[in-house]
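If you want the building blocks of each chain, they are given just below.
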Amino acid sequence: MSIYHLSFRVCIGLEMSLKSLEPNGVAMSDKHVRAIFPGSFDPLTNGHLDVIERGMKLFDELIVAVGRSPIKNQLFTPEERVAMISELLEQKNMPGVSVESFDGLTVEYAARKKADVILRGLRSLTDVQYECQLAMTNRAVAGIETVFIMTSEQYGFTSSTLIREVASLGGDLSNLIPRNIFEHLKRKSESLRG
Ligand code: ADP
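On a predicted model such as this, the values are computed, not experimentally measured, just so you know.

Peer 1: Explain the confidence of the model for the protein chain here, please?
Peer 2: Considering every residue of the protein chain, the mean pLDDT works out to 87; 85% of them sit at 70 or more. Across residues 1-16 the pLDDT falls below 50, and counting only partners more than four positions away or on other chains, this stretch makes 24 contacts in the model.

Right, dumping it as structure tokens:
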């Protein structure tokens, strides 16, 4: 096993259902596990969707939480992102998965929602470094655990930033983002180009 694969295994260390196991490995079928999947989702990509689809098998409830970051350069408003994701969840019929936006710190939002776990996605070693720092900080300040899901190989290079750039140049993104998001993105790019 390469160092690359080993470090993912050390960092993730979770390949079994959280629905059926307590941290010590004891069965806990009656515990309702609620996870939040926070991010910018500007826009949501097939990589994000892959993480959501895997996450819904691990948790009883999964809330896709669209951050209202005032810092990031945004293409879609938080309301637009929530509407697009909501439309997608309806199309895909994903029980137990919902979407909403939130302000402020992720850990404070997690506490308000009484979330057990923060879910995050990983693509590469670059993600691991940043995400581990974030997860350790969140655990230190709020005692909340983060669970990582490794994306499928075909989405390892997909990022919202890249999608926004390709869209602004009129490129074909149909394999990288869900169909409905592609349509919204096309309209948005056209309106921005005038
Ligand atoms: P943030 O600004 O919080 O990083 P993003 O929307 O960029 O928000 O990402 C949200 C989460 O999804 C992060 O954990 C990120 O690593 C993960 N993510 C982004 N793109 C992908 C992808 N292609 N595959 C798997 N996870 C991804």
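More follows now that the structure is in view.
Peer 1: For this particular structure, what's the right way to read the nonpolar core?
Peer 2: When a protein is soluble and globular, its nonpolar side chains tend to lie buried together. Membership of the largest hydrophobic core comes to 34 residues, with the highest contact counts inside it found for Leu44, Ile52, Phe59, Ile85, Leu119 and Leu173. Take this core: its biggest share by element is 5 residues, from helix α3 (residues 78-92).

Peer 1: What is the right way to read the packing of α3 against helix α7 (residues 179-193) from this model?
Peer 2: Packed helix pairs are characterised by how far apart their axes lie and by the angle those axes make with each other. For the pair α3 and α7, the least separation of the axes is 9 Å and the interaxial angle reads 150°. Regarding the angle of α3 to α7, the classification is roughly antiparallel. Between α3 and α7, the contacting residues are Glu80, Met84, Glu87, Leu88 and Gln91 on the first element and Asn180, Ile181, His184 and Lys188 on the second. Taken together, the residues of the contact of α3 with α7 break down into 3 nonpolar, 3 polar and 3 charged.

Peer 1: Explain the pattern of salt bridges to me, please; I cannot follow it from the model alone.
Peer 2: Charged atoms that come close allow side chains of opposite charge to pair. Counting across every chain of the model gives 13 salt bridges. Between glutamate 100 and lysine 113 there is a salt bridge whose closest N-O contact spans 3.0 Å. In this pair, glutamate 100 is assigned in strand β3 (residues 97-102) and lysine 113 in the loop between α4 (106-112) and β4 (117-122), connecting sequence segments 13 residues apart. Judged by relative accessible area, which is 26%, glutamate 100 ranks as partly exposed. Exposure remark for lysine 113: the relative accessible area of 26% places this residue in the partly exposed category. Residues arginine 139 and glutamate 145 are paired through a salt bridge, measuring 3.8 Å at the closest nitrogen-oxygen approach. On the accessibility criterion, arginine 139 (43% relative accessible area) is partly exposed. One network of salt bridges, in which partners are shared, links Asp42, Arg81 and Arg164.

Peer 1: What should I look at first to understand the sheet that holds β4 in this one?
Peer 2: One key point about sheets: their strands pair by backbone hydrogen bonds, in either a parallel or an antiparallel sense. Read across the sheet, 5 strands follow the order β3-β2-β1-β4-β5 without closing on themselves; strand pairing throughout is parallel. Strands at the two margins of the open sheet, each flanked by one partner only, are β3 and β5 (145-150). Each adjacent strand pair in this sheet contributes to an overall mean axis angle of 30°, direction not counted. Taken together, the 6 bridges between strand β1 (residues 34-39) and strand β2 (residues 61-67) define a ladder with parallel strand orientation. Each bridged residue has a counterpart across the sheet, and for phenylalanine 37 the counterpart in β2 is valine 64. Those strands touched by α3 are β2 and β3, and its axis lies near 180° from that of β3.

Quick notes on the rules
Residues numbered from 1 in each chain as written. Predicted model: local features only at pLDDT ≥ 70, side-chain atom pairs only at ≥ 80, totals over all residues. Heavy atoms only, no water. pLDDT = per-residue confidence, 0-100. Contact = heavy atoms within 4.5 Å. Core = buried A, V, L, I, M, F, W, Y, C linked by side-chain atoms within 4.5 Å. Buried < 20%, exposed > 50% of the residue type's maximum accessible area, 1.4 Å probe, protein only. Helix = DSSP H or I, 4+ residues; strand = E, 2+ residues; numbered from the N terminus. Axes fitted to C-alpha atoms, helices over the stretch in contact; angles between N-to-C directions. Parallel < 35°, antiparallel > 145°, perpendicular 65-115°, else oblique. Nonpolar A, V, L, I, M, F, W, Y, C, P; charged D, E, K, R; others polar. Salt bridge = Lys/Arg side-chain N within 4 Å of Asp/Glu carboxyl O. Pairing = 2+ DSSP bridges.

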